[in-house]
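# A structural walkthrough
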Amino acid sequence: MKKHNFFAGPAILPASVLKQAAEAVTDFGGMGLSILEISHRSKPFVAVMDETEALVRELLGLSDDFAVLFLTGGASSEFYLTAMNLLDKDETAGYIDTGSWSAKAIKEAELFGDVEVLASSKDQNYNYIPADVKVPSGLKYVHITSNNTIFGTQFKEWPETDAPLVADMSSEIFSRRLPLEKFGLIYAGAQKNLGPAGVTLVIVRKDILGKVKRQIPTMLDYRTHIEKKSSFNTPPVYPIYVSMLTLRWVKEQGGVEAMEKQNEAKAKLIYDEIDRNPKFKASVTEGTGRSLMNVCFLPTNPDDTDAFVKAATEAGCVGITGHRSVGGFRASIYNSMPMESVQVLVDVMKNF
Ligand SMILES: *Cc1c(COP(=O)(O)O)cnc(C)c1O
């Protein structure tokens, strides 16, 4: 039976990408060698790096003011790297607390400077995005988690601030168009919407770096990786290669704008059913920041939980159990998720 993959992360990748990725493990581009066994400094791999960066730039429309980096350590390492590289001891950064990932980012930033929590939705178990956040001037940067993978919320409007925005976009990068002029730094672990686990994409405006007084260890300094084109040490070659294949696929689909349209249509299909069907209720109220990527919903009768997971599983839908801190269900419908699979899940809901 065909499987419909609703896992939150690592998550679905296009079937064509997986096929090419599998082929490259035994024979990369007709070389007679595996992508896993060639030097990261060899011409064929340098070409992969260059193309991946070029695709990131083209798809997002990045100017040369931004550097594009492929790092390791996951989005979780960016929680401290951003603060270590951008925030001095006597400076203040603003953070908007919209979930567990934001809270972790705040905890790490506090090791390096002052953190002002500008708004939080913790009072309602993070089921909304705080509206009209007043951001004081004089902050070094303002950090947001633009899409909250666990709680199913997403910023629809970007905070008004004179400081650069630093955004954790792990679970939505390349899913919608972005007003780049507002951003100083964007980071994303690949395994939600881009590729396999193991590489973290960092996009940073170069002029915000080099301003802190502290000594930064070489490997933790973004400038090292800018200067060495993400190859100061051995980069995660295979996750980068598979991410390149996904970005080629995004481009073939019509780019980020086409993804955005498709993502809106997929999310509408499922939210409409949640709102219509008395058996279910949405975790996030319409108008308070419903995510287009992670659709969280609950059974009206908690006793229905196991029966619905069973019905979905019988239809081939996997990975719909909600995060333990929210309960209920979560359908992650990233870029690679086809409309047909969302329809299968919606049909299960209709027939339930
Ligand atoms: C998954 C996730 C993370 C953690 O990513 P790692 O690569 O596992 O460190 C951080 N932020 C968000 C929004 C996520 O979805």
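These numbers were taken from a predicted model, which means no experiment stands behind them.

In the vicinity of the ligand there are 13 residues, among which Ser76, Thr149, Asp168, Gln191 and Lys192 approach most closely. Separating an oxygen atom of the ligand from a side-chain N or O atom of threonine 149 is a distance of 2.4 Å. Within the side chain of glutamine 191, an N or O atom sits 3.0 Å from an oxygen atom of the ligand. Contact with the protein chains removes 87% of the 390 Å² of surface that the ligand exposes when unbound. With 4 residues, helix H3 (residues 74-86) is the largest single contributor of residues to the shell around the ligand. In terms of residue class, the shell around the ligand is made up of 3 nonpolar, 8 polar and 2 charged.

What follows concerns the packing of helix H1 (residues 15-26) against helix H6 (residues 237-252). Direction vectors running N to C along H1 and H6 enclose 145 degrees, while the axes themselves pass 9 Å from each other. The chirality of how H1 crosses H6 is right-handed. Listed contacts from H6 to Ser16, Val17, Gln20, Ala21, Ala22, Ala24 and Val25 of H1 are Tyr238, Tyr241, Val242, Leu245, Thr246, Arg248 and Trp249. When its residues are assigned to classes, the contact of H1 with H6 shows 10 nonpolar, 3 polar and 1 charged.

The subject of this paragraph is the packing of aromatic side chains. Summed over all chains, the structure comprises 14 aromatic pairs. Ring centres of tryptophan 158 and phenylalanine 183 lie 5.2 Å apart, and the angle between their planes is 80 degrees; on these two criteria the pair is classed as edge-to-face. Highlighted residues: tryptophan 158 in the loop between strand E7 (153-154) and strand E8 (165-168) and phenylalanine 183 in strand E9 (residues 183-189), separated in sequence by 25 residues. The pair formed by tryptophan 158 and phenylalanine 183 is uniform in burial state, with each residue classed as buried. Here the aromatic residues Phe280, Phe297, Phe308, Phe329 and Phe352 are joined through ring pairs into a cluster of three or more.

Let us look at the domain arrangement of the protein chain. Taken as a whole, the protein chain is organised into domain 1 (15-252) and domain 2 (255-351). Distance from the C-alpha centre of domain 1 to the C-alpha centre of domain 2: 26 Å. Residue-level contacts link 27 residues of domain 1 with 24 residues of domain 2. Taking both sides of the interface into account, the surface hidden between domain 1 and domain 2 amounts to around 2,100 Å²; carbon and sulfur atoms contribute 52%. At the junction of domain 1 and domain 2, the tally comes to 2 salt bridges. Note that glutamate 257 and arginine 177 form a salt bridge whose closest N and O atoms lie 3.8 Å from each other.

Let us look at the pattern of salt bridges. This model, assessed by the stated rule, comprises 18 salt bridges. Bridged by salt links that share partners, the residues Asp88, Asp90 and Lys213 form one connected network.

Below, the discussion takes up the sheet that holds E8. Spatially, E2-E10-E9-E8-E5-E3-E4 is the arrangement adopted by the 7 strands of the open sheet, whose pairing is mixed. Here the strands that pair on one side only, and so sit at the sheet edges, are strand E2 (66-71) and strand E4 (114-120). Ignoring which end each strand starts from, the neighbouring axes of this sheet average 20 degrees apart. Both strand E3 (residues 92-97) and E4 contribute to a ladder of 6 bridges, which runs parallel. Within E4, the residue paired with alanine 93 across the bridge is valine 115.

Rules of the game
Residues numbered from 1 in each chain as written. Predicted model: local features only at pLDDT ≥ 70, side-chain atom pairs only at ≥ 80, totals over all residues. Heavy atoms only, no water. Near = heavy atom within 4 Å. Polar contact = N/O pair within 3.5 Å; in protein donor to acceptor, adjacent residues only side chain to side chain. Areas by Shrake-Rupley, 256 points an atom, 1.4 Å probe, with all protein chains shown as cover. Helix = DSSP H or I, 4+ residues; strand = E, 2+ residues; numbered from the N terminus. Nonpolar A, V, L, I, M, F, W, Y, C, P; charged D, E, K, R; others polar. Axes fitted to C-alpha atoms, helices over the stretch in contact; angles between N-to-C directions. Left-handed = near helix turned anticlockwise from the far one by under 90°. Contact = heavy atoms within 4.5 Å. Phe/Tyr/Trp six-rings, centres within 6.5 Å; stacked < 30°, edge-to-face > 60°. Buried < 20%, exposed > 50% of the residue type's maximum accessible area, 1.4 Å probe, protein only. Domains from an automatic or database assignment. Buried area = accessible area lost by both parts, 1.4 Å probe. Salt bridge = Lys/Arg side-chain N within 4 Å of Asp/Glu carboxyl O. Pairing = 2+ DSSP bridges.

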